[in-house]
Amino acid sequence: MDKKKYYITTAIAYTSGKPHIGNTYDVVLADAIARYKRLQGYDVYFQTGSDEHGEKIELKAKENNITPKEYVDKYANIIKSVWDKMNTSYDKFVRTTDPIHEKAVQNIFKYMYDKGDIYKGEYKGLYCTPCESFWTESQLVDGMCPDCGREVKEATEEAYFFKLSKYQDKLIQYINEHPEFIQPEARRNEMIKNFIEPGLQDLCVSRTSFTWGIPVTFDDKHIVYVWLDALTNYITNIGYDPYNCDSKFNDIWPCDLHVVGKDITRFHTVYWPCFLWSLGIDLPKQVLGHPWLLTNDVKMSKSLGNIVYADELADKFGTDAVRYYLLHEISYMNDGNLTYELLIDRYNSDLANTLGNLVNRTISMVNKYFNGQVPDIGTTADIDLQLKSDIEEYINGINNNMDNLHIALALDNVIDIFRRSNKYIDETTPWILFKENNIDRLKTVMYNLLEAIRIGAIFLSPFLPDASKNIFKQINSNNNTLDSVHDFNGTISGTKLNTPEPLFARIDKEEALKNLLKKDN
Ligand code: MSP
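Residues numbered from 1 in each chain as written. Predicted model: local features only at pLDDT ≥ 70, side-chain atom pairs only at ≥ 80, totals over all residues. Heavy atoms only, no water.

**Student:** Give me the lowdown on the overall build of the chain, citing residues and values where you can.
**Tutor:** When its secondary structure is counted, the chain shows 19 helices and 15 strands. For the chain, the C-alpha radius of gyration of 26 Å lies close to 24 Å, the compact-globule estimate for 521 residues. Each of the three principal axes of the chain carries a C-alpha extent, and together these read 90 × 55 × 40 Å. Residues counted as buried form 57% of the 521 residues belonging to the chain. Sequence separation of at least 24 residues holds for 79% of the intrachain contacts in the chain that already meet a minimum separation of 6. By element, 47% of the accessible surface of the chain is carried by carbon and sulfur atoms, the whole surface being about 22300 Å². (Helix = DSSP H or I, 4+ residues; strand = E, 2+ residues; numbered from the N terminus. Rg over C-alpha atoms; globule rule 2.2 N^0.38 Å. Buried < 20%, exposed > 50% of the residue type's maximum accessible area, 1.4 Å probe, protein only. Contact = heavy atoms within 4.5 Å. Areas by Shrake-Rupley, 256 points an atom, 1.4 Å probe, with all protein chains shown as cover.)

**Student:** Quick one: what's the story with the site of the ligand, residue by residue and with numbers?
**Tutor:** Among the 23 residues in the neighbourhood of the ligand, the closest are listed as I12, D51, G261, D263 and L293. At a separation of 2.8 Å, a nitrogen atom of the ligand approaches a polar backbone atom of I12. At a separation of 3.0 Å, an oxygen atom of the ligand approaches a polar backbone atom of Y14. Against a free-state accessible area of 660 Å², the protein chains account for coverage of 94% of the ligand. Here the residues of the shell around the ligand sort into 13 nonpolar, seven polar and three charged. (Near = heavy atom within 4 Å. Polar contact = N/O pair within 3.5 Å; in protein donor to acceptor, adjacent residues only side chain to side chain. Nonpolar A, V, L, I, M, F, W, Y, C, P; charged D, E, K, R; others polar.)

**Student:** Give me the environment of D263: which residues, what numbers.
**Tutor:** The topology assignment puts D263 in the loop between β12 (257–261) and α10 (265–279). The exposure class assigned to D263 is partly exposed, which follows from its relative accessible area of 34%. Separated by 252 residues in sequence, D263 and N515 have C-alpha atoms that sit 35 Å apart. Side chain to side chain, D263 and W292 meet in a polar contact 3.3 Å long.

**Student:** So what about unusual backbone geometry? Which residues, and what values?
**Tutor:** In the segment running from Q183 into P184, the intervening peptide bond is cis, with an omega of -10°. Counting through the fold element by element, P184 comes out in the loop between β8 (182–183) and α6 (185–196). Following W253, the chain continues to P254 via a peptide bond in cis, the omega torsion being 5°. Residue placement: P254 occurs in the loop between α9 (248–252) and β12.

**Student:** Summarise the nonpolar core; cite the residues concerned and give the values.
**Tutor:** Formed by 101 residues in total, the largest nonpolar core has its most connected members in I8, I21, I33 and F463. Broken down by element, the residue count for this core peaks at 14 residues, all from helix α13 (residues 340–370). If you look at the next biggest cluster of nonpolar residues, it comprises 56 residues, including I12, F181, V216 and I238. (Core = buried A, V, L, I, M, F, W, Y, C linked by side-chain atoms within 4.5 Å.)

**Student:** Just give me the short version of the sheet that holds strand β7 (residues 153–162), but keep the residues and values in it.
**Tutor:** Taking strand neighbours across the sheet as the criterion, the four strands line up as β6-β5-β7-β9 in an open arrangement whose pairing is antiparallel. On the outer flanks of this sheet lie β6 (133–135) and β9 (203–204), each paired with one strand and no other. Across the face of the sheet, α10 comes into contact with β6, β7 and β9 while running at roughly 35° to β7. (Pairing = 2+ DSSP bridges. Axes fitted to C-alpha atoms, helices over the stretch in contact; angles between N-to-C directions.)

**Student:** Run through the environment of I425, naming residues and quoting values.
**Tutor:** Relative to the assigned elements, I425 resides in helix α15 (residues 407–428). The sequence separation of I425 and I383 amounts to 42 residues, and the corresponding C-alpha distance is 11 Å. Excluding residues within four positions of it along the chain, I425 makes contact with L358, R361, T362, M365, P430, W431 and L449.

Structure below.
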């Protein structure tokens, strides 16, 4: 039987500079979902990439005395290397300067124009250059750009417009009939109230004031406005072209999930559906508009000097530790906060103590009591049944939370498996069983601990892939499929365990903070 497909995307990151850790959340979050879906047996296609056109990039390149293409080549590589450092398992990294994309965008523009959905007009508005966005008076916050807080300027230019207004009723009806489309629910309400109900104005989709973009084929002083260029990456790279569509497009589309930040949910749930309708294409099944990561409770910005980079943090604490922090601390609905202190506390409590110690203690006990060999099951007791039924409950929690995109809760359920296993050690006190020569009980306890660790490591793999692999190596097992998690007998008696090595060495908080702050100053 053919595997069921699952197509997941992230926002494509701007190549105007190096992405900060907040920008990295998109791809780490999507990676955890993609890996989980693969574990479930889906044929996953995971696409990410870089967004490379626009005035800001043209200006930056000029400042640096290089061509825009040279500039974006450099930053596309940097973005890719950060994504790689974070061990993200994307199948494709797309760039909006890829010829396949540029050609398809030109055809999409022409198709919409011929259809009458794009028309020529004049744009008068308030323009924020860094954000490349026109705003209406009512959208400004204290007279400034609502996204970045900087000044906006009056601007007029001849431009092409997309008839967004034509799709307003259809959009409201669609969102109401498909409550699952925009997640979380509160974000759906925000989209309807703040952006759709006040009325959709036709959208400016071309520019003449700069040149770094995809030219409109039939009027080449115009270039395609960045959001029409950027959003279509989700279809052009899988073979869509209105005039010459690759058959593989229909195998992959519609996309199952777009993972994007809360600030750009609007573009994905208001503009994007209307563009797709204009092309006669089905909508993606779901858009997840996730919250943000703040540093010291404020938005990261160059001017505040509080920007943190994921790759640098991974050099200090390890990739899995950074993945853990991002995935565990940013919840479904609320922004997460990052400080070194919080990171070290989380690391020590969850990774070093709960997980690392459990694995280390268990393997060391099997070494001591059974010469490093997985024992048979001996006599069983009610306490064992309780362990199994609790783990079954955590597994249900993981599956439900993943299905509902509550990724942080799912990860906490995974840690619950390890927390519960530590509690099982306290309940069964293996060292006393050994002292009392109760070997039959001791065998069962050690077997159950190894099996609980194995099950936990399977569910850990979408979140902390390296730690999961390392656990499998230490317990010398390759039984890592989801089919094996319910019977509680997937660990093979007689297997010789490998030498235990610390998964996450405990961090001396004071010492580490002293060093980190010294280096940062
Ligand atoms: N290029 C556009 C996306 C086009 S998608 C067709 C863009 N790029 S970005 O580089 O500015 O942002 C990349 C992603 O990072 C976006 O999903 C954005 O919402 C997200 N984040 C930006 N700051 C963030 C945090 N502080 N925390 C979490 N996510 C953040 O927008």
